[in-house]
Amino acid sequence: MSATQTKPAAPVPSPCVDVCTMDAGTGWCLGCARTIDEIAAWSSLDDDARRRVWQALPARQETLAQRTARKPGA
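Residues numbered from 1 in each chain as written. Predicted model: local features only at pLDDT ≥ 70, side-chain atom pairs only at ≥ 80, totals over all residues. Heavy atoms only, no water.

Chemist: How should I be thinking about the nonpolar core in this particular structure?
Modeler: One recurring pattern in soluble globular proteins: nonpolar side chains tend to sit buried together. Of all hydrophobic cores here, the largest spans seven residues; its members are Val12, Trp28, Ala33, Trp42, Val53, Leu57 and Leu64. Apart from the residues lying within four places of it in its own chain, the contact partners of valine 12 are Trp42, Asp47, Arg50, Arg51 and Trp54. (Core = buried A, V, L, I, M, F, W, Y, C linked by side-chain atoms within 4.5 Å. Buried < 20%, exposed > 50% of the residue type's maximum accessible area, 1.4 Å probe, protein only. Contact = heavy atoms within 4.5 Å.)

Right under this line is the structure:
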């Protein structure tokens, strides 16, 4: 590879953790915190769109954790 060529970036991986249950209150997956639309579109998203989804996940996961902690019996 010459100095002017760059190594292609690795594709952005899916955040799926095989816990595919949707939270009715938020519409997010309890495993990965994506919406059903984001999950369905993942294979057709470009890397920039995938990165935008990834950027939203930490805040969603925090919200889901707080919702779970507030549920009776949790």
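Chemist: Before we go on, may I ask you to explain unusual backbone geometry in this structure?
Modeler: In most cases, non-glycine residues show a negative phi, while peptide bonds are predominantly trans. In the Ramachandran plot, aspartate 18 falls in the positive-phi region, its phi being about 60 degrees despite a non-glycine side chain. Inspection of the secondary structure assignment puts aspartate 18 in the segment before helix H1 (36–41). Although it is not a glycine, alanine 33 adopts a positive phi angle of roughly 75 degrees. Relative to the helices and strands, alanine 33 is located in the segment before H1. (Helix = DSSP H or I, 4+ residues; strand = E, 2+ residues; numbered from the N terminus.)

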